[in-house]
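# Coordinates in review
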Amino acid sequence: MKIDTKKDLIDEELLNNLFSEDLYKEIIESRTFCRLKKIHFLGAIDYLYKQNNRKTYTRYTHTLSVATLALKYAQLGKLTVSAERYLVCAALLHDIGHAPLSHSMEPSFKKLFNISHHIASNKIIRGTSPLGDEIAVILRKYKINFDKLINLLDNKSQKKYTSALNGPINIDTIDGIFRAHSYLSEAEQYKHAPKPMDVVEALFDTKKDYILDNFWGLKNRVYEDIINKKINVYADKVTQQYILDSRHVIADEFYWSEAEFKEKHSLLFTQLNGIKEKNIPEEELKYNKRLYTIDRNNSEIEKKYIHKKTPNYFPLNRQFQNLLF
């Protein structure tokens, strides 16, 4: 897969730096990592955008971008070589366990088989997943401690740089929000939105806190205009309900590529491709409403940027009568 850094929203210089380090290069070129090329970034939502020939991304390009942000963070934070290796490896492996259709399908797999992408990622790192021990062999070769790496991913590490992956504004969500934001048409996007690297730099410069404020507002808008849009909430529900209703889904399918899953479960993708605004059925759609606000009386990043999640729903709409299932 050829990477178009401009199209894929990845810093070219930092990407070249990634590939110049043997440890990172071996992870990126592994079969297990390349599986992410066939996992859509926004899951079921991507299939709605593809219908309109709009841009979509994969967990592969997202992960490469997060890893470049990890390199930038390590530079700005003047991390040791060892600390940088752990942070970048964590960035490269933070989504390694994502299932087909990403977050859209995960809640149903969690309910049926008690598996999530966090659990799957840890198994892949330790070499105990159905994907084998490929990643574990690479990590052992370069003396990367499994427990130390997993603690960093699970926010259990005492290292100061843990916040790079787990703070309120972290390298994973920085890329994720900008990537999701690009799904909006140019007319809908903020004209003066900061760039991902600007946000990482602002984490180290208190004089640039206005950039963090702008990013937090951007995150709120992405959830309002994309993640929690009614048709997108419905696409997630269709996906989750299919998994719960299917008698043929097995736990190991969590580790499949999306192409493999699509081949076996073509009916689900037919349903997703058939979703249009006009045929969302008459039913109550429940979802978690996320609100991102700023406490301007607080200067601590952990307290200033507030995230509230509350159960919400789209009420019945009797205008729509065509049921998909």
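Structural data are supplied above this passage.
My aim in this report is to walk through the structure given alongside it, one point at a time. The model shown is predicted, which means the values in this text are computed figures rather than measured ones.

Attention now goes to the nonpolar core. Within the largest apolar cluster, 102 residues are counted, with the highest numbers of intra-cluster contacts made by Ile 27, Phe 33, Leu 139, Leu 149 and Leu 272. In terms of residues, this core owes the most to one element, helix H6 (residues 81-93), which gives 9 residues. Apart from the residues within four sequence positions on either side, Phe 33 is in contact with Ile 27, Ile 28, Tyr 60, Thr 63, Leu 64, Leu 92 and Ile 96.

Looking now at the pattern of salt bridges. All chains considered together, the criterion is met by 13 salt bridges. Lys 208 is paired through a salt bridge with Glu 201; the nearest N and O atoms lie 3.9 Å apart. In this structure Lys 208 comes out as partly exposed when scored by relative accessible area, which is 27%. The salt bridge involving Lys 264 is made with Glu 253; its shortest N-O contact spans 2.5 Å.

On to helix H7 (residues 102-113). If you check H7, its first and last C-alpha atoms are 16 Å apart, about what 12 residues at 1.5 Å a residue would give, namely 16 Å. Among the residues of H7, Ser 102, Ser 104, Met 105, Glu 106, Ser 108 and Phe 109 are the ones counted as buried. At the C-terminal side of H7, Asn 114 shows a positive phi close to 55°.

Another point: the packing of aromatic side chains. Tallying each qualifying case throughout the model produces 13 aromatic pairs. Between Trp 216 and Tyr 305, the aromatic rings sit 5.3 Å apart at their centres with planes inclined by 55°, giving tilted as the arrangement. Residue Trp 216 is located in helix H14 (residues 209-227), and its partner Tyr 305 is located in strand S2 (residues 305-314); the two are separated by 89 residues in the primary sequence. Here Trp 216 and Tyr 305 have matching classes, each one buried. Measuring from centroid to centroid gives 5.3 Å for Tyr 223 and Tyr 292, while their planes differ by 40°, and the two rings are tilted. Of this pair, Tyr 223 sits in helix H14 while Tyr 292 sits in strand S1 (residues 285-294), and the two are 69 residues apart along the sequence. You can call Tyr 292 buried: its relative accessible area is 6%. Following the ring pairs from residue to residue traces out a cluster consisting of Phe 109, Phe 113, Phe 254 and Tyr 255. A cation over an aromatic ring shows up here: Lys 37 above the ring of Tyr 60, its NZ or CZ 5.1 Å from the ring centre. Taking NZ or CZ as reference, Lys 148 lies 4.3 Å from the ring centre of Tyr 86, over its face.

Okay, helix H5 (residues 59-76) next. Spanning 18 residues, H5 covers 25 Å between terminal C-alpha atoms, matching the ideal 26 Å at 1.5 Å per step. When you tally the buried positions in H5, you get 16 out of 18 residues, the bulk of the element. Just beyond H5, the residue with positive phi is Lys 78, at close to 50°.

With respect to the helices and strands, Leu 64 occurs in helix H5. For the pair Leu 64 and Asn 288, spaced 224 residues apart in sequence, the C-alpha separation works out to 28 Å. Setting aside its immediate chain neighbours within four residues, Leu 64 contacts Ile 3, Ile 10, Leu 15, Leu 18, Ile 28 and Phe 33.

The next point concerns the environment of Asn 17. In this fold, Asn 17 is placed in helix H1 (residues 12-20). Between the alpha carbons of Asn 17 and Ala 91 there is a distance of 14 Å; along the sequence they are 74 residues apart. Setting aside anything within four residues of it in sequence, one finds Asn 17 in contact with Leu 71 and Gln 75.

Mapped onto the elements of the fold, His 98 is located in the loop between H6 and H7. A residue is classified by how much of its surface remains accessible, and His 98, at 0% relative accessible area, is buried. Within polar-contact distance, the side chain of His 98 engages the side chain of Ser 102 at 3.4 Å.

Cut-offs used in this document
- What you see as residue numbers is a count from 1 along each chain, following the sequence as written.
- Residues qualify for local features only when their pLDDT is at least 70, as the model is predicted, and side-chain atom pairs are given and counted only at 80 or more; totals for whole chains, interfaces and linings, by contrast, use all residues.
- No hydrogens and no water enter the side-chain calculation; it runs on all heavy atoms of the structure.
- Residues grouped as a nonpolar core are buried Ala, Val, Leu, Ile, Met, Phe, Trp, Tyr and Cys residues, joined through side-chain atoms within 4.5 Å.
- Per-residue accessibility, obtained with a 1.4 Å probe over protein chains only, is compared with the maximum for each type, and a residue is labelled buried under 20%, exposed over 50%, and partly exposed between these values.
- Secondary structure elements follow DSSP: runs of H or I of four or more residues count as helices, runs of E of two or more count as strands, with numbering from the N terminus.
- Whether two residues are in contact is decided by their heavy atoms, any of which lying within 4.5 Å being enough.
- When a carboxyl oxygen of Asp or Glu lies within 4 Å of a side-chain nitrogen of Lys or Arg, that pair is called a salt bridge.
- Expected span of a helix, by definition, is 1.5 Å for each gap between consecutive residues, and there is one gap fewer than residues.
- Two rings from Phe, Tyr or Trp (for Trp, the six-membered ring) form a pair when their centres are within 6.5 Å of each other. A pair whose planes differ by under 30 degrees is stacked, one over 60 is edge-to-face, and the rest are tilted.
- The criterion for a charge sitting over a ring is simple: Lys NZ or Arg CZ within 6 Å of the ring centre, and within 35 degrees of the ring normal.
- As used in this structure description, the phrase polar contact means that two N or O atoms lie within 3.5 Å; if the pair is within protein, one of them must be able to donate a hydrogen and the other to accept it, and residues adjacent in sequence are counted only when both atoms belong to side chains.

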